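# Examination of the molecular architecture
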Amino acid sequence: MRTPLIAGNWKMNTDGKSAAALAKAVAAGAARFGRAEVAVCPPFVYLPEVGAALAGSPVGLGAQNMYHEPSGAFTGEVSAAMLLDAGCRYVILGHSERRQFFGESDAVVNRKVLAALKTPLTPIVCVGELLAQREAGQTSDVVRSQLAGSLAGLSEEQIRRVVVAYEPVWAIGTGKVATVDEAEAVHLDLRKTLESRYNAGVAAVVRILYGGSVKADNASQLLSAPNIDGALVGGASLKAEDFLSIVDAAR
Ligand code: 13P
């Protein structure tokens, strides 16, 4: 049985004061986690203090991006080893905002995923279609091709450690959430793709999260779908109580 994962993607939000406070408030809700795994992904510069605020709690720390090279002259970039040093367990890779605003292709994401998997980090690899692609009936082709490209060359052992996040771009930060049927159909499609690329064992263990306007009031419906194994939460992860209510829905 797949352990649900609820991860908060804080994006470029919070500040030096609120980041640690938010982390502490999430950690204080640990009694509500049940069997759910919970993680928060603050901006790079707040990783150390958020990590300190989470010390001794079951909340995992994650980053929102990394570079694939281990070290060197790559101004402005952060390596997997640096994330581990800062206490990270997870790293979000290929988020649609990285793809859209920073030109990350599947090939770029793939290099990052392979680099993350050389370390104990768990990559949370995002895929998702644009509104125009959904309207043109291309959703399945788009997400399958993103999955294939972003996860190219992974061994069976490696793919088992990956978390996939389906985030329809039109649902991110818009308040427009995919219906449970729409989301479940894509999750099932992704799981079948994993089965055909690997095998049924892999398809059964890889967690596929949904992201895109997940809120306390739609989380339990989404999370009750058989192939939705958790949520990658943006806006609603910035308020501890909202985020914890989503965790409540997962346990
Ligand atoms: P929202 O929950 O704000 O729509 O963001 C989703 C997201 O992009 C999480 O990575």
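See the structure printed just above.
Residues numbered from 1 in each chain as written. Predicted model: local features only at pLDDT ≥ 70, side-chain atom pairs only at ≥ 80, totals over all residues. Heavy atoms only, no water.

### Comments concerning the overall build of the protein
Along the protein, the regular secondary structure elements total 12 helices and 8 strands. Here the C-alpha radius of gyration of the protein, 17 Å, is about what a compact globule of 251 residues would show, namely 18 Å. Dimensions along the principal axes, computed over C-alpha positions, put the protein at roughly 45 × 45 × 35 Å. Taken over 251 residues, the protein has a buried fraction of 52%. (Helix = DSSP H or I, 4+ residues; strand = E, 2+ residues; numbered from the N terminus. Rg over C-alpha atoms; globule rule 2.2 N^0.38 Å. Buried < 20%, exposed > 50% of the residue type's maximum accessible area, 1.4 Å probe, protein only.)

### Quick notes on the side chain of Ser-150
Assignment of secondary structure puts Ser-150 in helix α7 (residues 139–150). Overall, the relative accessible area of 0% leaves Ser-150 in the buried class. Among the polar contacts made by the side chain of Ser-150, one reaches the side chain of Asp-106 at a distance of 3.3 Å. Within polar-contact distance, the side chain of Ser-150 engages the backbone oxygen of Gln-146 at 2.7 Å. Those residues within four positions of Ser-150 in sequence are excluded, and the remaining contacts are Arg-99, Asp-106, Val-109, Asn-110, Val-113 and Val-125. (Polar contact = N/O pair within 3.5 Å; in protein donor to acceptor, adjacent residues only side chain to side chain. Contact = heavy atoms within 4.5 Å.)

### Some details on the pattern of salt bridges
Under the definition given, this model contains 13 salt bridges. Note that Arg-32 is salt-bridged to Glu-241, the shortest N-O span being 3.1 Å. Placement of the pair is Arg-32 in the loop between α1 (16–27) and β2 (37–41) and Glu-241 in helix α12 (residues 240–250), with a sequence separation of 209 residues. A residue is classified by how much of its surface remains accessible, and Glu-241, at 45% relative accessible area, is partly exposed. With a shortest N-O distance of 2.7 Å, Arg-32 and Asp-248 are connected by a salt bridge. One end of the pair, Arg-32, is in the loop between α1 and β2; the other, Asp-248, is in helix α12, and 216 residues separate them in sequence. (Salt bridge = Lys/Arg side-chain N within 4 Å of Asp/Glu carboxyl O.)

### Quick notes on the packing of α1 against α12
In contact at an axis separation of 9 Å, α1 and α12 are set at 35° when each is read in the N-to-C sense. In terms of crossing hand, the pair formed by α1 and α12 is right-handed. Residues Leu-22, Ala-25 and Val-26 of α1 pack against Ala-240, Phe-243 and Leu-244 of α12. Tallied by class, the residues present in the contact of α1 with α12 amount to 6 nonpolar, no polar and no charged. (Axes fitted to C-alpha atoms, helices over the stretch in contact; angles between N-to-C directions. Left-handed = near helix turned anticlockwise from the far one by under 90°. Nonpolar A, V, L, I, M, F, W, Y, C, P; charged D, E, K, R; others polar.)

### Side note on the sheet that holds strand β5 (residues 122–127)
What the 8 strands build is a closed barrel, ordered β1-β2-β3-β4-β5-β6-β7-β8; its pairing is parallel. Averaged over neighbouring strand pairs, the angle between their axes works out to 25° when direction is ignored. Together, β5 and β6 (163–166) form the strand contacts of α7, whose direction differs from that of β5 by roughly 150°. (Pairing = 2+ DSSP bridges.)

So, to be careful, I would describe these as geometric facts and stop short of saying anything about function.
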